[in-house]
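The residues making up each chain are set out below.
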Amino acid sequence: MKKFICHRHTATRQKLIGVLLLLCFAIGAQAQKIRIKTGIEVLKSQNFRCLEGKRVGLITNPTGVDNELRSTIDILHEAPNVNLVALYGPEHGVRGDVHAGDHVSDQRDPATGLPVYSLYGKTRKATPEMLKDVNVLVYDIQDIGCRSFTYISTLGLAMEAAAENGKELIVLDRPNPLGGLKVEGNLVEDDCISFVSQFKIPYLYGLTCGELALMLNGERMLAGGVQCKLTVIKMKGWKRKMDYTATGLQWIPSSPHIPHPHSAFFYPVSGILGELGYMSIGVGYTIPFQMFAASWAEADKLADALNELHVPGVIFRPIYLQPFYSVGKGEQLQGVQVHITDYAKAPLSPIQFLVMQEVARLWPDRAVFDHADKGRFNMFNKVCGSRQIRERFSQNNRWEDIRPYWEKDVESFRQLSKKYYLYR
């Protein structure tokens, strides 16, 4: 009898273990489940009604995919009630086959035979000739929520071209990878408007591309105050508190150095300093934008100094490396890797200014603006959106000297942009 009971208990335990394993698997699977529908998914569910009877031009790149990772190009091309007649390529091209900064040329898409017009070369705003065969432009690109990333500049210029040529523009909305709560940086000033700071918005603007388009249109922020006929195909299920990792969506690299969704978190951490080519920020190593290093730095000393600042939600770890290319190629470098331990609390863009501050304090003969290539100062100014950041910082090399200027427009912009929220 005891033996029978023992076997019975063993069988029961095995069943319980099996149930627990199934629950764990289900929970794990649920964690990976896609939680939202992007604009292209919603457009599909509407059977492309808004495109019927129109000649469609598509502005996209490899990030324009549905939840099964099928290209929006192919989806629209194959839809029986959609007449896709032209493609338009931003930086990196419609199929992602162009290196960062290289010009995109006009060509034909080999998969569909459609003409591809470049919006990243001699022409960055579509010309009347480029638009003569289309009634409506569709925009479907995943950006990274930072002003200096050029896809939103392409969006704004497309809106201007649509307005000037009497075309409709439809934005297929996508998540802001940084979420919809982080706003950092001053507004762009007139003398710093460029393709990396095209509009008078903060460095981190806390809007989806659809919301941003609505604001650019509604506030007449496009050149000449023009407004286009604009439609935004909203996502379903996205919330402002969601960063990209919370969406369940797969990440398509938005550029070669943004290979993972968390790469978007770090781009604003170091990208401004990176414009100076003064320290390695991990471009050319395995952790782009996640570190700061130089041949003359001392890893432990820099890490200790930065950790003593008690930056919320951030830990700095000593790192030693030899970059494969770009700044510091082949050299033995030391510095810090930035670890974000609490994303909600962590400031992003101020981190690089704190690094610049501590470098100047620890190694006074290495102060950034005393040694960086002066030929790069103009690009630094443009990415900052103001000459004031560099000029004020270079006086004493202190973050607190520029902090009021960097933060002066945040709350007013936050209040303005709330008018255009599509999601809560």
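The rules we used
- Residues numbered from 1 in each chain as written.
- Predicted model: local features only at pLDDT ≥ 70, side-chain atom pairs only at ≥ 80, totals over all residues.
- Heavy atoms only, no water.
- Helix = DSSP H or I, 4+ residues; strand = E, 2+ residues; numbered from the N terminus.
- Buried < 20%, exposed > 50% of the residue type's maximum accessible area, 1.4 Å probe, protein only.
- Contact = heavy atoms within 4.5 Å.
- 1 Å grid on protein atoms, 1.4 Å probe; cavity = no way out; pocket = protein on both sides within 12 Å on 5 of 7 lines; lining within 4 Å.
- Points joined across faces, edges and corners; volume = space filled by probe spheres on them.
- Nonpolar A, V, L, I, M, F, W, Y, C, P; charged D, E, K, R; others polar.
- Core = buried A, V, L, I, M, F, W, Y, C linked by side-chain atoms within 4.5 Å.
- UniProt positions renumbered as here; feature names shortened; annotations may be inferred.
- Axes fitted to C-alpha atoms, helices over the stretch in contact; angles between N-to-C directions.
- Parallel < 35°, antiparallel > 145°, perpendicular 65-115°, else oblique.
- Left-handed = near helix turned anticlockwise from the far one by under 90°.
- Expected span 1.5 Å × (residues − 1).
- Bend = angle between axes of the 7 residues up to and from the residue.
- Phe/Tyr/Trp six-rings, centres within 6.5 Å; stacked < 30°, edge-to-face > 60°.
- Lys NZ or Arg CZ within 6 Å of the ring centre and 35° of its normal.
- Arc of directions from axis to C-beta.
- Pairing = 2+ DSSP bridges.

Student: What is the right way to look at the environment of Arg 424 in this model?
Tutor: Tracing the backbone through its elements, the reader meets Arg 424 in the segment after helix H14 (410–417). Overall, Arg 424 belongs to the exposed group, its relative accessible area being 65%. Arg 424 sits 185 residues away from Lys 239 along the chain, and the two C-alpha atoms are 5.6 Å apart. Not counting residues within four places of it along the chain, the set of residues in contact with Arg 424 comprises Lys 239 and Arg 240.

Student: Sorry if this is basic, but what is going on with empty space enclosed by the protein here?
Tutor: The rolling of a water-molecule-sized probe over the atoms marks out the regions of remaining empty space. Enumeration over the complete set of coordinates arrives at 1 cavity of 30 Å³ or more. Quantified by volume, the largest cavity comes out at close to 110 Å³. Taken together, 14 residues form the lining of the largest cavity, with Val 65, Arg 174, Tyr 244, Leu 249 and Gln 250 sitting closest to its centre. Partitioned by chemical class, the residues of the lining of the largest cavity number 7 nonpolar, 5 polar and 2 charged.

Student: Is there a simple way to think about the nonpolar core in this case?
Tutor: One broad rule of soluble globular proteins: the nonpolar side chains tend to lie buried together. Counting 103 residues, the largest nonpolar core has Leu 169, Phe 292 and Phe 353 as its most contacted members. In terms of nonpolar packing, the next biggest core, distinct from the first, is built from 22 residues, Ile 40, Phe 48, Leu 51 and Leu 84 among them.

Student: Where do I start with the UniProt feature "domain: Peptidoglycan beta-N-acetylmuramidase NamZ C-terminal" (unreviewed entry) in the protein in this structure?
Tutor: Mapped onto the present numbering, the UniProt feature "domain: Peptidoglycan beta-N-acetylmuramidase NamZ C-terminal" (unreviewed entry) falls at residues 266–423. For residues 266–423, the end-to-end C-alpha separation is 24 Å, with 44% helix and 13% strand making up the annotated structure.

Student: Please explain the packing of helix H12 (residues 387–396) against helix H13 (residues 399–407) as it appears in this structure.
Tutor: The description of two packed helices rests on the angle between their axes and on the distance between the axes. Contact geometry for H12 and H13: axes closest at 8 Å, N-to-C directions at 160°. Our classification of the angle between H12 and H13 gives roughly antiparallel. Seen along the crossing, H12 lies across H13 with a hand that is right-handed. Counting all contacts with H12, which are made through Gln 388, Ile 389, Arg 392, Phe 393 and Asn 396, the residues of H13 involved are Trp 399, Asp 401, Ile 402, Tyr 405 and Trp 406. In terms of residue class, the contact of H12 with H13 is made up of 6 nonpolar, 2 polar and 2 charged.

Student: I'm lost on helix H7 (residues 261–274) in this one. Help?
Tutor: With 14 residues, H7 ought to run about 20 Å at 1.5 Å a step, and its terminal C-alpha atoms sit 20 Å apart, in line with that. Of all the bends in H7, the greatest reaches close to 50° and is centred on Tyr 267; the proline Pro 268 follows between one and four positions later. Buried residues along H7 sit in contact with strand E8 (291–294), strand E10 (333–340), helix H9 (350–362), helix H10 (368–371), helix H11 (377–384) and H13.

Student: What's the story with the packing of aromatic side chains in this structure? I'm lost.
Tutor: How two aromatic rings sit relative to each other is given by the distance of their centres and the angle of their planes. The full count for this structure, using the stated rule, is 18 aromatic pairs. Pairing Phe 369 with Phe 377 gives two aromatic rings, centres 5.5 Å apart and planes at 80°, and the pair type is edge-to-face. The interplanar angle of 75° and the centroid separation of 6.2 Å between the aromatic rings of Phe 369 and Phe 393 together place this pair among those described as edge-to-face. Taken together, the residues span a long stretch of sequence, with Phe 369 in helix H10 and Phe 393 in helix H12 at a distance of 24 residues. The same class applies to Phe 369 as to Phe 393, namely buried. In this structure an aromatic cluster arises from ring pairing among Tyr 203, Phe 353, Phe 369, Phe 377, Phe 380, Phe 393, Trp 399 and Trp 406. When the ring centre of Tyr 343 is taken as reference, the NZ or CZ atom of Lys 182 above it lies at 4.8 Å. The cationic tip of Lys 408 hangs over the ring face of Tyr 405; the distance from NZ or CZ to the ring centre is 4.8 Å.

Student: Looking at this structure, how should I read H12?
Tutor: Every α-helix winds through 3.6 residues per turn, so residues three or four apart in the chain are directed the same way. Burial in H12 covers these residues: Ile 389, Arg 390 and Phe 393. Mapping the buried residues of H12 onto a view down its axis gives an arc of 90°, with all of them on the same face. Taken together, the buried residues of H12 touch H9, H10, H11 and H13.

Student: Looking at this model, I keep getting lost on the sheet that holds strand E9 (residues 314–321). Mind explaining?
Tutor: On the basis of which strands lie adjacent, the open sheet formed by 3 strands has the order E8-E10-E9 and antiparallel pairing. Single-partner strands in this sheet number two, and they are E8 and E9. Neighbour-to-neighbour, the strand axes of this sheet turn through a mean angle of 20°, independent of strand direction. Looking at chain direction, E9 and E10 are connected through 8 bridges and run antiparallel.

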